[in-house]
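Take a look at the letters that make up each chain.
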Amino acid sequence: MTEISEIPSLLVKSGGKTINLTFKNDILSIVKLKNSSPNKFNNSISVEIKVLVPGKKLRLTNFIFEVITAEQAASWVELVRDAAYKNSKPNKHLKLVINPVSGKGGAEKIFNKDVKPIFDAASCTYDITRTERVNQANELMRTLDLKNYDAIICVGGDGTMYEVMNGILSREDAVDVTIPLGTIPTGNALNISLHGDSHGSDVAQSTLTIIKGVPMKIDICSVTQGDKRFFSFLTQSYGIVADCDLGTENMRWMGDIRFIIGTVQGILAGRRYEDWEILNDDLYLFYCGKTPWVSKEFIIFPCALPSDGLMDLVIIKRDGISKTKFINLLKCASTGAHINFNENRQDGYIGIDGERVPFEPFQVEVLPRLITLLSVDGNYCHVNI
Ligand SMILES: Nc1ncnc2c1ncn2[C@@H]1O[C@H](COP(=O)(O)OP(=O)(O)OP(=O)(O)O)[C@@H](O)[C@H]1O
């Protein structure tokens, strides 16, 4: 006999159309109903299946099937539930962190209208913290009793996820934390990357990923700046990318168009960055190497590491620095302090996951597989490369 868990899909008719429902993705729950009105099967029993119907936009609906006996109903319920939650835990209990000011301020409304009905249909339970100030999510995660939950879900943007991750990774038991994180994207930017498919920015799809998704380990960057440490899951940016994001915070009300305006502003202002250049300049110094010292008193590459597979490079341009400053800079090289020498540009934007940090040097280290996310299938995205 074929078991339901081996059947990939269920064909149903709705509004004259035949719909192919997969157990893995589309079926959220099944319950036995007591029939209120008697029919030709005296004492007959029905089962109700709640589904997210696939299509351009996911649509929540239900189908009722009449079965003859209570035993048949019980066996339907058991078989369909097992098949629908073969790879994920049913009836998850979630901790939700809702940032009411994320995006254009509609997180609460989006949650109530588009997310709550799906969680309810899947019999997921949750308790909610609505953030009332900056850093509250971070502080909450430092002390929250994580064993009470199956996943932590951010209803917000990247900034909310950034706070949650930084809070978790600042806990004393951080290395033992395996609880998966998920996100309902109500912010402006890059959440798409967290759910790993082209529908990642879709609220219903993200809700489904939380209900049915599988854990995926991701690397985290440890960014140190002076005596501070940040945990970064997206980007570290300096240059036009940081300027067009952080330099346009006051234009948030415009939505995504602020990123275009920021880029145009940066180009018109003729700002220059040291990311990538062809060197035709008249130089004071171009020095590339693998070991820290030029001589005992000249530590030109104080950060060089023995086996990092990288070469270190120092470039000093004539037009970028006065002769006096160049001499002062060389004097600092006996202790390696020249790398902290003030740049021409005294102020600017540096962004860690899109959050502004001081305009000071920073160092990044990758910590492998430190955080677990809920994902569609354990991958970020599928590309044809
Ligand atoms: N009640 C609140 N009032 C003001 N700021 C808040 C409040 N709750 C959270 N925050 C802060 O809001 C900031 C922005 O949140 P978030 O990044 O989630 O939304 P977003 O900026 O719209 O999205 P994205 O970062 O994806 O563009 C976070 O840094 C968080 O600290």
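Heads up: the structure comes first, above all this text.
Structure report, in brief. Predicted model, so just to flag it, every value in this text is computed and none were measured. (Residues numbered from 1 in each chain as written. Predicted model: local features only at pLDDT ≥ 70, side-chain atom pairs only at ≥ 80, totals over all residues. Heavy atoms only, no water.)

### Some remarks on the site of the ligand
Every one of the 20 residues lining the ligand counts as a neighbour, but Gly103, Gly157, Gly159, Thr160 and Glu163 are closest to it. Taking Thr131, its side chain carries an N or O atom lying 2.8 Å from a nitrogen atom of the ligand. Between the ligand and Gly159, the relevant distance is 2.7 Å, taken from an oxygen atom to a main-chain nitrogen or oxygen of the residue. When the free accessible area of the ligand is taken as 630 Å², the share hidden by the protein chains comes to 82%. With four residues, the single largest contributor to the shell around the ligand is helix 4 (residues 158-169). Of the residues assigned to the shell around the ligand, the class counts are three nonpolar, 11 polar and six charged. (Near = heavy atom within 4 Å. Polar contact = N/O pair within 3.5 Å; in protein donor to acceptor, adjacent residues only side chain to side chain. Areas by Shrake-Rupley, 256 points an atom, 1.4 Å probe, with all protein chains shown as cover. Helix = DSSP H or I, 4+ residues; strand = E, 2+ residues; numbered from the N terminus. Nonpolar A, V, L, I, M, F, W, Y, C, P; charged D, E, K, R; others polar.)

### Quick look at the nonpolar core
Ile27, Leu28, Leu94, Phe119, Ile153 and Ile211 are the most contacted members of the largest nonpolar core, which has 44 residues in total. Residue assignment places this core across two domains, with domain 1 (4-84) and domain 2 (93-236 + 368-375) each supplying three or more. Apart from the residues lying within four places of it in its own chain, the contact partners of Leu28 are Lys50, Val51, Leu52, Leu60, Tyr85, Ile118, Ala121, Ala122, Leu208 and Ile211. Counting 32 residues, the second-largest nonpolar core is a separate cluster that includes Val97, Ala137, Ile168 and Ile218. (Core = buried A, V, L, I, M, F, W, Y, C linked by side-chain atoms within 4.5 Å. Buried < 20%, exposed > 50% of the residue type's maximum accessible area, 1.4 Å probe, protein only. Domains from an automatic or database assignment. Contact = heavy atoms within 4.5 Å.)

### Quick look at unusual backbone geometry
Positioned with a positive phi, Asn135 is a non-glycine residue whose angle comes to about 75°. Within the chain, Arg369 stands out as a residue other than glycine whose phi angle is a positive 50°. Tracing the sequence through the fold places Arg369 in strand 19 (residues 363-375).

### Considerations on the pattern of salt bridges
In total, this model carries eight salt bridges according to the counting rule given. One salt bridge in this structure joins Lys95 and Asp127, with 3.2 Å as the shortest N-O distance. With a gap of 32 residues between them, Lys95 in strand 6 (residues 93-98) and Asp127 in strand 7 (residues 125-130) connect regions that are remote in the sequence. With a relative accessible area of 27%, Asp127 lands in the partly exposed category. Between Lys116 and Asp120 there is a salt bridge; the shortest N-O distance is 3.0 Å. Of this pair, Lys116 and Asp120 both sit in helix 2 (residues 107-121), separated by four residues, roughly a single helical turn. Taking relative accessible area as the criterion, Lys116 reaches 31% and is therefore assigned partly exposed. The class for Asp120 is partly exposed, based on a relative accessible area of 37%. (Salt bridge = Lys/Arg side-chain N within 4 Å of Asp/Glu carboxyl O.)

### Overview of the side chain of Ser222
As for its position among the elements, Ser222 is in strand 10 (residues 214-225). Ser222 sits in the buried class, given a relative accessible area of 2%. Residues within four places of Ser222 in sequence aside, it is in contact with Arg229, Phe230, Phe231, Gln363, Val364, Glu365 and Leu367.

### Section: the packing of aromatic side chains
Here the structure, examined in full by the defined rule, presents three aromatic pairs. For the ring pair Phe119 and Tyr126, a centre distance of 6.0 Å and an interplane angle of 45° mean the geometry is tilted. Ring pairs connect the aromatic residues Phe111, Phe119 and Tyr126, which therefore count as one cluster. Stacked on the ring of Tyr85, the Lys or Arg Lys212 has its end atom at 4.7 Å from the ring centre. (Phe/Tyr/Trp six-rings, centres within 6.5 Å; stacked < 30°, edge-to-face > 60°. Lys NZ or Arg CZ within 6 Å of the ring centre and 35° of its normal.)

### Overview of the packing of helix 2 against helix 6 (residues 203-212)
It is the contact of helix 2 with helix 6, at a shortest axis distance of 10 Å, that shows an interaxial angle of 35°. The element helix 2 and its partner helix 6 pack so that their crossing is right-handed. Side by side, helix 2 and helix 6 meet where Ile110, Asp114, Val115, Ile118 and Phe119 of the first sit next to Val203, Ala204, Thr207, Ile210 and Ile211 of the second. Grouping the amino acids of the contact of helix 2 with helix 6 by side-chain chemistry returns eight nonpolar, one polar and one charged. (Axes fitted to C-alpha atoms, helices over the stretch in contact; angles between N-to-C directions. Left-handed = near helix turned anticlockwise from the far one by under 90°.)

### With respect to the sheet that holds strand 4 (residues 45-53)
Strand order in this open sheet of three strands is 3-4-5, and the pairing throughout is antiparallel. Since the sheet does not close on itself, it has two edges, and those belong to strand 3 (27-34) and strand 5 (59-67), each with one partner. Between one strand axis and the next, the sheet turns through 20° on average, direction left out of account. Bridge analysis of strand 4 against strand 5 gives nine bridges, and the strand direction is antiparallel. Residue Ile45 lies in a different strand from strand 5, and its bridge partner there is Val67. (Pairing = 2+ DSSP bridges.)

### Points about helix 6
Burial analysis of helix 6 places 10 of its 10 residues in the buried class, the great majority of the element. By the burial criterion, the buried members of helix 6 are Val203, Ala204, Gln205, Ser206, Thr207, Leu208, Thr209, Ile210, Ile211 and Lys212.

### What to know about the environment of Pro90
Within the secondary structure, Pro90 sits in the loop between helix 1 (70-84) and strand 6. Classification of Pro90 as partly exposed rests on a relative accessible area of 29%. It is 7.6 Å that separates the C-alpha atoms of Pro90 and Ile211, two residues lying 121 residues apart in sequence.

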